[in-house]
Amino acid sequence: MGYDLNMKVWRGDESGGDLADYVVPVEEGEVVLDALHRLQATQAGDLAVRWNCKAGKCGSCSAEINGKPRLTCMTRLSLFEPDETITVTPLRTFPVVRDLVTDVSYNYEKAKKVPALSPEPRQPDGTYRMQQEDVERGQEFRKCIECFLCQSVCHVIRDHEDNKEAFSGPRLFLRYAELEMHPLETGDHREAAKAEAGVGLCNITKCCTEVCPESIKITDNAIIPVKERVVDRSYDPLVWLGSKIFRR
Ligand code: FES
């Protein structure tokens, strides 16, 4: 059965903005993106909303619903009471372009700094060989749809713009984890994960894991293993002993 949904939607651009009130007729089974599209079609033709697949796979429709980063195409209206007001705002961690659209280029700039895979040479028969178990470990990380909800919720940069220079964020830690665990990788990226990506600034509050629409265990399966490897390298007793001996 349909009903009138009370919405507050942030309208504005980089110079500022405010929440605007709307009442939007919605139908049973719809998602927040349906309500935004109807709002755009009937009352606010200039509302800027980014979306593409409407199937939770392109990562375009990210916004904050009642303060929580979510995919608007995968957030059912039935999650809320019919008389509840839903507030939709742009991702807080990135600069606003207009209305619900943000400039997420920070993520792409950080991605450019992740080292490329340097695989060992092919076998004499021209193939690569990997254990299925090793392939599956990295498979989880490749489910990422780059919606950047994890980046937006991460308090290291959400509340501290000045940390962006030194910190790449959970999405990029998946990339470092994939490199570190890749069975053919020959490089050692632990120093880059520490110095370039700033993995040490993460204090594993698991906020990123909670918002991931692909249910990737970002903290447990990527960030913690990368942190452990970085610590192993930094505090390896042999490395420590060697530094003492050769410094004499
Ligand atoms: Fe593609 Fe929502 S529109 S993930």
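In the block above lies the structure referred to throughout.
Computed from a prediction, not measured in an experiment: that's the story for all the values here.

A. Fine view of the overall build of the protein. Counting secondary structure elements, the protein contains ten helices and seven strands. Principal axes of the C-alpha set define a box for the protein whose edges measure 75 × 45 × 30 Å. Taking all 248 residues of the protein together, 43% fall into the buried category. Counting only carbon and sulfur atoms, one obtains 50% of the accessible surface of the protein, whose full area is about 13,400 Å². The protein carries 33 positive and 40 negative side-chain charges, and their two centres are separated by 6 Å.

B. Examining the packing of aromatic side chains more closely. For the structure on display, the rule yields three aromatic pairs. The ring centre of Tyr106 lies 5.4 Å from the NZ or CZ of Lys164, which sits over that ring.

C. Representation of helix H6 (residues 170-181) within the structure. Here H6 is twelve residues long and its end C-alpha atoms lie 16 Å apart, about the 16 Å a rise of 1.5 Å per residue gives. Counting buried positions along H6 yields eleven of twelve residues, so the element is predominantly enclosed. Taken residue by residue, H6 has Pro170, Arg171, Leu172, Phe173, Leu174, Tyr176, Ala177, Glu178, Leu179, Glu180 and Met181 as its buried positions.

Thresholds, definitions, all that
Residues numbered from 1 in each chain as written. Predicted model: local features only at pLDDT ≥ 70, side-chain atom pairs only at ≥ 80, totals over all residues. Heavy atoms only, no water. Helix = DSSP H or I, 4+ residues; strand = E, 2+ residues; numbered from the N terminus. Buried < 20%, exposed > 50% of the residue type's maximum accessible area, 1.4 Å probe, protein only. Areas by Shrake-Rupley, 256 points an atom, 1.4 Å probe, with all protein chains shown as cover. Lys, Arg positive; Asp, Glu negative; His and termini not counted. Charge placed at Lys NZ, Arg CZ, Asp CG, Glu CD. Phe/Tyr/Trp six-rings, centres within 6.5 Å; stacked < 30°, edge-to-face > 60°. Lys NZ or Arg CZ within 6 Å of the ring centre and 35° of its normal. Expected span 1.5 Å × (residues − 1).

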